[in-house]
Each structure stands twice: as structure tokens, then as C-alpha cells.
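Per-entry structural report
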Amino acid sequence: MLGFLKKVSDYTKEAFGAANYLFQGLVVTFDHMRRRPITVQYPYEKLIPSERYRGRIHYEFDKCIACEVCVRVCPINLPVVDWVMNKETKKKELRNYSIDFGVCIFCGNCVEYCPTNCLSMTEEYELAAFDRHSLNFDNVALGRLPTSVTTDPSVQPLRELSYLPQGVMDPHDLPQNAQRAGQLPSEVLELIQQKASTIDSNESIKSSNQIDNNKE
Ligand code: SF4
Ligand code: SF4
């Protein structure tokens, strides 16, 4: 009898759990039902990529020391660093550098580990091409300055949902000085640094007080 009652109670619990999940899903659905559709008229309007967007890689030939760290940290050993050893100077001479964006997964490892910071991720995302081979960018193509949605005069930049003020769903006709909901990553970082410096100064005051007490 007890076993039967336990089975019934387990079944009831599971049924309530399932109903709860169903309800949570429906809340999202109903929330979307009361929103109006928002159309971004691409390519005349474009969404501004988020601050840490990992788009096409920019490369500075003059800064590169041909160390090949980018190749070693790349999960698919993608960057091709073409260099020769100059026997007179006994130094590497860089000839060409290329990354194939048809294969790149935009993980950003090469950018993170490059010792001379000659690689950087840009906000350029329009890389569609008819021929996949044209996605293999050499150092000239990689060195081209990226296009930016906010500086292109032919484009109307629109903010993404997470950059809109609280309660606003439509990025059209938004005043330029409208504050976004929440803080930017740079603002959060600034806050963390401020807190850390306050803790450090408090600790140094405490330790100096302790030293004074010990002297007395
Ligand atoms: S890690 Fe940087 S400096 Fe070294 S080869 Fe790659 S791009 Fe050049
Ligand atoms: S972004 Fe990632 S996959 Fe692309 S070249 Fe750099 S390390 Fe390799």
C-alpha cells in the first residue's frame, strides 16, 4: 500500500513539474504575442553589433614578428605565416600572412595571444561571397580598415535589443542620448576596478594601523 502511495505522490510531483515547465514556456510565448513585429530594413538600416562582437580580423603587417603564436593557439592551425630567414641579419623576414575566413570559427584565440597586438577583431560581419576562395584574406585584405555601421553615412544604425532603454522594444526613432537598460561592459569593469582599489586602500590603512599599534 505504501509503495502504491509513493508512486502516486511521485507521479503527481512529476505532473506538477511538467505543468510548471509548460507554463514557463507559455509565458514567453504570451509575452511575444503582445509585441509588435519590428523590421530592420537591411541594407538601409543595420543593427549596431555588440561591444565585444567578434567579426572579421584586422591585421597590421608592420607589427607582426612572424612568431607563429597565432598558428599554435588556433584550434585549426589556420593562419598562414609566410616568412624566410635572412641569413645576413639572422632575422625572420615576413613575406605574407593570410587567414581563410571560410574556415575560421572566429574564436579570437589568435587575437588574444598575439604578443604584439597586431591582430584585432572588428565589427565587420558582411563576409558573404560567391566564391569561397575569395574568403582567404591575405595581409593586404586583412589590413583594410573595417567598415563601421555607425560611421557609414548611407546606413541608418539601429541599436540591438539589449542596448535599448528599459521597456523600449523598437530601435526606430530613438533619441541619441537615450540610456540603455543596465550597464555597458566597460562601465561594469570600471565599477569592479573602483571597488578593488577601495578594498586595497582599506586594507593598506588597516595594515598601517596594525603596525602603529604594534609599535606602541
Ligand atoms: S602571433 Fe601576432 S606577431 Fe606572431 S605571427 Fe601571429 S600575427 Fe604575427
Ligand atoms: S579566430 Fe580562432 S579560428 Fe580564426 S584564425 Fe583566429 S584562432 Fe584561428
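In this report, we go over the structure that sits alongside the text. Model, not experiment: these values are computed from the prediction.

1. Overview of the overall build of the protein
A count of helices and strands for the protein gives five helices and seven strands. Across the protein, helices and strands are ordered from the amino to the carboxyl terminus as α-β-β-α-β-β-α-β-β-α-β-α. Its C-alpha atoms give the protein a radius of gyration of 27 Å, more than 25% over the compact-globule value 17 Å for 216 residues. For the C-alpha atoms alone, the extent of the protein along its principal axes is close to 90 × 80 × 55 Å. A buried classification covers 7% of the 216 residues belonging to the protein. In the protein, the proportion of contacts linking residues at least 24 apart, taken out of those at least 6 apart, comes to 67%.

2. Here we look at the site of ligand 1
Looking at ligand 1, there are 13 residues lining it, with Cys-64, Cys-67, Val-69, Cys-70 and Cys-114 nearest. Its residues placed into classes, the shell around ligand 1 shows eleven nonpolar, one polar and one charged.

3. Observations concerning the sheet that holds strand 6 (residues 136–137)
Taken together, three strands build an open sheet; the order of strands is 3-4-6 and the sheet is antiparallel. Each edge of the open sheet carries a strand with a single partner, namely strand 3 (80–86) and strand 6. As paired elements, strand 3 and strand 4 (residues 91–100) share seven bridges and run antiparallel to each other. Note that in strand 4 the partner of Val-81 across the bridge is Tyr-97.

4. A closer look at unusual backbone geometry
Omega for the peptide link from Tyr-42 to Pro-43 comes to 5°, which places this bond in the cis form. Positive phi, normally seen in glycine, also occurs at Phe-106, with a value near 55°. Topologically, Phe-106 is positioned in the loop between strand 4 and helix 3 (109–113). The class of Phe-106 is partly exposed, set by 15 C-beta atoms lying within 10 Å. A positive phi angle, close to 55°, is found at Asn-117, a residue other than glycine. Looking at the secondary structure, you find Asn-117 in the loop between helix 3 and strand 5 (119–121). Judged by C-beta crowding, with 9 C-beta atoms within 10 Å, Asn-117 ranks as exposed.

5. Things to note about helix 1 (residues 2–33)
End to end, helix 1 covers 46 Å across 32 residues, agreeing with the expected 46 Å (1.5 Å per residue, within 8%). In terms of burial, helix 1 is largely open, as just zero of its 32 residues are buried.

6. Structural notes on the nonpolar core
Residues Ile-57, Tyr-59, Cys-70, Tyr-97, Ile-99, Phe-101, Cys-110, Cys-114, Leu-119, Phe-137 and Leu-142 constitute the largest nonpolar core, which totals eleven residues. Sorting the residues of this core by element identifies strand 2 (57–59) and strand 4 as the ones contributing at least two each.

7. Details of the pairing of strand 4
Two faces, one strand: in a regular strand the side chains alternate between the faces of the sheet. Of the strand pairs in this sheet, strand 4 and strand 6 are connected by two bridges, and their pairing is antiparallel. Paired with Ile-99 across the bridge in strand 6 is Phe-137.

8. With respect to the environment of Tyr-163
Here Tyr-163 lies in the loop between strand 7 (156–158) and helix 5 (185–215). Residue Tyr-163 is classed as partly exposed on the basis of its 18 C-beta neighbours within 10 Å. On a C-alpha basis, the gap between Tyr-163 and Phe-61 in space is 34 Å, while along the polypeptide they are 102 residues apart.

Criteria and thresholds
Residues numbered from 1 in each chain as written. Chains lettered and ligands numbered in written order. Predicted model: local features only at pLDDT ≥ 70, side-chain atom pairs only at ≥ 80, totals over all residues. Helix = DSSP H or I, 4+ residues; strand = E, 2+ residues; numbered from the N terminus. Rg over C-alpha atoms; globule rule 2.2 N^0.38 Å. Buried ≥ 20, exposed ≤ 12 C-beta atoms within 10 Å, placed from the backbone. Contact = placed C-beta atoms within 7 Å. Near = placed C-beta within 6 Å. Nonpolar A, V, L, I, M, F, W, Y, C, P; charged D, E, K, R; others polar. Pairing = 2+ DSSP bridges. Expected span 1.5 Å × (residues − 1). Core = buried A, V, L, I, M, F, W, Y, C linked by C-beta atoms within 7 Å.

Read these as spatial facts, not as claims about activity.
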